[in-house]
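Observations on the model geometry
Residue strings, one per chain:
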Amino acid sequence: MKNLTLTFLFSACAVLSGCMAPVVNNTTANSTNSNVANANSAPAMQTLTVVDRPQKIVDLMASRGDQDNAKPVIKIIAPKADSTVNSSTVKVNLQLSGDLKGYKPMMDEATHTGNHIHVILDNQPYEAYYNLNEPFELRNVADGDHTLRVFPSRPWHESYKNDGAFQMVKFTVKNGGADNTKPATTNAGQQMSNSNANASASARPEGKDMQPTTAAASFDPKKPLLTYSRPKGEYKNADADAVMIDFWLTNGKLTGDGGEYRVRYTVDNGDAKYIDKWGPIWLSGWTAGKHTIRLELVDQNGQTVDNGGYNATSRDITITK
Ligand SMILES: [Cu+2]
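Note that the structure is predicted; figures quoted are calculated from it, not measured.

In terms of regular secondary structure, the protein is built from three helices and 18 strands. Evaluated residue by residue, the protein yields a buried proportion of 40% over its 321 residues. Looking at the protein as shown, the accessible area adds up to about 16500 Å², and 51% of this sits on carbon and sulfur atoms.

This is the structure in structure tokens:
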């Protein structure tokens, strides 16, 4: 029994060291506890607070004319809804219309930023698509059913949230035959994707080699859906001062918008917090290192509203200072 208790405490310390490490060191400093603290890459102390939209984004918005009041409408031309793709390379073709007020996806070569579309396969992290006139590919897509979600985004990755700014299709890859050494062929011998064909990186279309996933079998596009968008990746120096949480919400409203749902967010092993009005929030107070952000769509009792697992998503980010 004593061993069990010790084991439990030891595990709890390891898990909670994000907030408990200094106390542990003060009260029971010994080599074992030091090792636990050192072995955990999570930072020692972190108090996150919700802060205003950063001034540099406010300034950026002012410099963009009326773009932030645009009502972009996005349409997935390819892959077609409920179509079957006989290739592990899925060509994505999007069409943007609506009241754009000058909004145009395009990367500024000098700053490597610009308006872009967030493209999400299944429930993987989004990929950015900048030039809609050029092809975009999802490569190495596994055989099976998939979902594709797209929505326009600003240079600082905040999504447009108007009606029509989000579209989703289901499609199926069949006999995709991903092969890294030679061209894949169909049963009829027709050549499809050839991953040796990328002669130079610059000639390669925008796109991304995807991790093997398939759509959740129980995912229902008509049910309430929380789409995780940000944060993602690495945040350095000034960009790490305030990190934005942003998401898309379909087929449901949050309590503060007259609906019945809440978005719960949890960072590392911290307390759960809630977003009750749909919009981005910025969190300040990050410590250097890896952090895990979890976003969940919950009802007013705090129960996750399930939709094939898509409504509870965790992502790791890295803060570098
Ligand atoms: Cu983005």
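Right, let's get into unusual backbone geometry. Most peptide bonds take the trans form, and the phi angle of most residues other than glycine is negative. A cis amide bond, omega -5 degrees, links Ala78 with the succeeding residue Pro79. Mapped onto the secondary structure, Pro79 falls in the loop between strand S2 (71-78) and strand S3 (83-85). Backbone torsion omega between Arg230 and Pro231 reads 5 degrees, so that peptide bond is classified as cis. You can see Pro231 is positioned in the loop between strand S11 (225-230) and strand S12 (233-236). With a phi close to 65 degrees, Asn251 is a non-glycine residue in the positive phi region. Mapped onto the fold, Asn251 is located in the loop between strand S13 (242-250) and strand S14 (262-267).

The strands that make up a sheet pair up through hydrogen bonds in the backbone, lying either parallel or antiparallel. On the basis of which strands lie adjacent, the open sheet formed by five strands has the order S3-S9-S8-S5-S6 and mixed pairing. Each of the sheet's edge strands pairs with one partner strand only, and the pair in question is S3 and strand S6 (127-129). The mean angle between the axes of side-by-side strands here comes to 35 degrees, regardless of whether they run parallel or antiparallel. As paired elements, S3 and strand S9 (residues 167-173) share three bridges and run parallel to each other. Note that in S9 the partner of Val85 across the bridge is Val173.

Read from one edge of the open sheet, four strands run S1-S16-S13-S11, paired in antiparallel fashion. At either margin of the open sheet sits one strand with a lone partner, and together these are strand S1 (49-51) and S11. When strand polarity is set aside, the average angle formed by the axes of neighbouring strands in this sheet is 35 degrees. Relative to strand S16 (residues 281-284), S13 is paired through four bridges, and the arrangement is antiparallel. By the bridge assignment, Ala242 is partnered in S16 with Ser284.

Evaluated as defined, the whole model comprises six aromatic pairs. On the basis of an interplanar angle of 70 degrees and a centroid distance of 4.8 Å, the ring pair of Tyr103 and Tyr160 is categorised as edge-to-face. Here Tyr160 lies in the loop between strand S8 (144-153) and S9 and Tyr103 lies in the loop between strand S4 (90-99) and strand S5 (116-121), a separation of 57 residues in the sequence. Residue Tyr103 is classed as buried on the basis of its relative accessible area, which comes to 2%. Geometrically, the ring pair formed by Trp248 and Trp278 is edge-to-face, given 4.7 Å between the ring centres and 75 degrees between the ring planes. Taken together, the residues Trp248 in strand S13 and Trp278 in the loop between strand S15 (273-275) and S16 connect sequence positions 30 residues apart. Here Arg262 stacks its cationic end above the ring of Tyr274, 4.0 Å away from the centre of that ring. The residue whose ring lies beneath Arg315 is Tyr228, and the NZ or CZ to ring-centre distance is 5.1 Å.

Within the first shell, the copper ion binds the protein through His116 (NE2), His118 (NE2) and His157 (ND1), at distances of 2.0 Å. Here the donor residues of the copper ion are spaced in sequence according to H-x1-H-x38-H. Take His116: its relative accessible area is 0%, and that puts it in the buried class.

What follows is about the environment of Lys161. Inspection of the secondary structure assignment puts Lys161 in the loop between S8 and S9. Separated by 86 residues in the primary sequence, Lys161 and Phe247 place their C-alpha atoms 9.2 Å from one another. Contacts of Lys161, omitting those with residues within four sequence positions, involve Asp246, Phe247, Trp248, Trp278, Gly279 and Pro280. Polar contacts involving the side chain of Lys161 include one to the side chain of Ser159, which spans 3.0 Å. Side chain to side chain, Lys161 and Asp246 meet in a polar contact 2.7 Å long.

Within the protein, residue pLDDT values average 83, and 78% of them lie at 70 or more. Taken as a whole, residues 1-39 scores under 50 in pLDDT and shows 21 contacts with residues more than four places along the chain or in a different chain. Low pLDDT, under 50, characterises residues 180-201; the predicted model gives this stretch 28 contacts beyond four residues in sequence or across chains.

Looking now at the environment of Tyr228. Along the chain, the position of Tyr228 falls in strand S11. Residues Tyr228 and Trp248 lie 20 residues apart in sequence; the distance between their C-alpha atoms is 6.7 Å. Those residues in contact with Tyr228 that lie beyond four places of it in its chain are Ile120, Asp246, Ile293, Leu295, Thr313 and Arg315. Within polar-contact distance, the side chain of Tyr228 engages the backbone oxygen of Pro231 at 2.7 Å.

Quick look at the nonpolar core now. In terms of nonpolar packing, the biggest core is built from 36 residues, with Leu94, Ile117, Val119, Leu138, Leu148 and Val150 touching the most fellow members. The set of elements that each furnish at least two residues to this core consists of S2, S4, S5, strand S7 (136-139), S8 and S9. Listed in part, the 24 residues of the second largest apolar core include Tyr235, Val243, Tyr261 and Ile281.

Cut-off values and rules
Residues numbered from 1 in each chain as written. Predicted model: local features only at pLDDT ≥ 70, side-chain atom pairs only at ≥ 80, totals over all residues. Heavy atoms only, no water. Helix = DSSP H or I, 4+ residues; strand = E, 2+ residues; numbered from the N terminus. Buried < 20%, exposed > 50% of the residue type's maximum accessible area, 1.4 Å probe, protein only. Areas by Shrake-Rupley, 256 points an atom, 1.4 Å probe, with all protein chains shown as cover. Pairing = 2+ DSSP bridges. Axes fitted to C-alpha atoms, helices over the stretch in contact; angles between N-to-C directions. Phe/Tyr/Trp six-rings, centres within 6.5 Å; stacked < 30°, edge-to-face > 60°. Lys NZ or Arg CZ within 6 Å of the ring centre and 35° of its normal. Donors = N, O, S within 2.8 Å, 3.2 Å for Na, K, Ca; no water. Contact = heavy atoms within 4.5 Å. Polar contact = N/O pair within 3.5 Å; in protein donor to acceptor, adjacent residues only side chain to side chain. pLDDT = per-residue confidence, 0-100. Core = buried A, V, L, I, M, F, W, Y, C linked by side-chain atoms within 4.5 Å.

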